[in-house]
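Structural features, examined
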Amino acid sequence: LGDVYKRQGLSTMATTLKRLDFRQHYADYGQGLFIVSAEKRLPKDQATLNVGQKLGGALAPLSIAERKDRIASLMAEMVAPNSAVTLTHIEVLFTPYLDLDVIGALASLCRNRKICIVWPGYISNGKAYYSEHSVPEYYEGDLSLFQETYIIND
């Protein structure tokens, strides 16, 4: 489908898909980060991983410095067995001491893999937001910086 978008003059960076197109063509995608607005929009026929549970247990025995150093490799290990996976409970990724570009970290996991998430904040004007600007967990990520990132509209 990326080629279809290119032929139509559309960018493959942070592409917006209609929910129906997503449902009909999801199987045709080889890789990408798919961001949906609600859990009921997630594909039902693929592995699901609870990120909070998986990473929480792995990070707990580590020092804060070790957590920051190991988060990327732990995430990669977590998704490695799957060619398509849904990640739930991703809020742990916004923990301030991890100093993580959440969208960038998720997008980096999508090489030869499809990852679906429910964004726990909101998306506006090509940016993904989490929490309020006044809290330490606040996150703002520019979705246009990442190829093969898809926002599924209702």
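Structural notes, computed from the coordinates. (Residues numbered from 1 in each chain as written. Predicted model: local features only at pLDDT ≥ 70, side-chain atom pairs only at ≥ 80, totals over all residues. Heavy atoms only, no water.)

A look at unusual backbone geometry
Positive phi is not limited to glycine here, since D99 has a value of about 50°. Within the secondary structure, D99 is located in the loop between β4 (84-88) and α5 (102-108). We note that S131 has phi near 70°; this positive angle belongs to a residue other than glycine. With respect to the helices and strands, the residue S131 is situated in the loop between β7 (127-130) and β8 (139-142). (Helix = DSSP H or I, 4+ residues; strand = E, 2+ residues; numbered from the N terminus.)

Looking at the sheet that holds strand β6 (residues 122-124)
Spatial strand order, β6-β7-β8: three strands in an open sheet with antiparallel pairing. Both edges of this open sheet fall to β6 and β8, since each of them pairs with a single strand only. Ignoring which end each strand starts from, the neighbouring axes of this sheet average 20° apart. Relative to β7, β6 is paired through three bridges, and the arrangement is antiparallel. Along β7, the bridge assignment pairs I123 with A128. (Pairing = 2+ DSSP bridges. Axes fitted to C-alpha atoms, helices over the stretch in contact; angles between N-to-C directions.)

Notes on the side chain of T88
The topology assignment puts T88 in strand β4. For T88, a relative accessible area of 15% corresponds to the buried category. With residues near it in sequence (within four places) discarded, T88 still touches T48, L49, N50, V51 and G52. (Buried < 20%, exposed > 50% of the residue type's maximum accessible area, 1.4 Å probe, protein only. Contact = heavy atoms within 4.5 Å.)

What to know about the side chain of K114
Here K114 is to be found in strand β5 (residues 114-118). There is a polar contact of 3.1 Å between the side chain of K114 and the backbone oxygen of Y26. Look past the residues within four positions of K114 in its chain and what remains in contact with it is Y26, A27, Y29, G30, Q31, G32, F34, S83, A84 and V85. (Polar contact = N/O pair within 3.5 Å; in protein donor to acceptor, adjacent residues only side chain to side chain.)

Examining the sheet that holds strand β2 (residues 32-36)
Within the open sheet, the six strands sit side by side as β1-β9-β2-β5-β4-β3. Their pairing is parallel. Strand pairing shows two members of the sheet lacking a second neighbour, β1 (15-18) and β3 (47-50), which therefore form its edges. Strand-to-strand twist in this sheet, taken as the mean axis angle between neighbours without regard to direction, amounts to 25°. Note that β3 and β4 share four bridges and pair parallel. Along β4, the bridge assignment pairs A47 with V85. Here helix α3 (residues 51-59) sits on the sheet and contacts β3 and β4; the angle it forms with β3, its principal contact strand, is near 50°.

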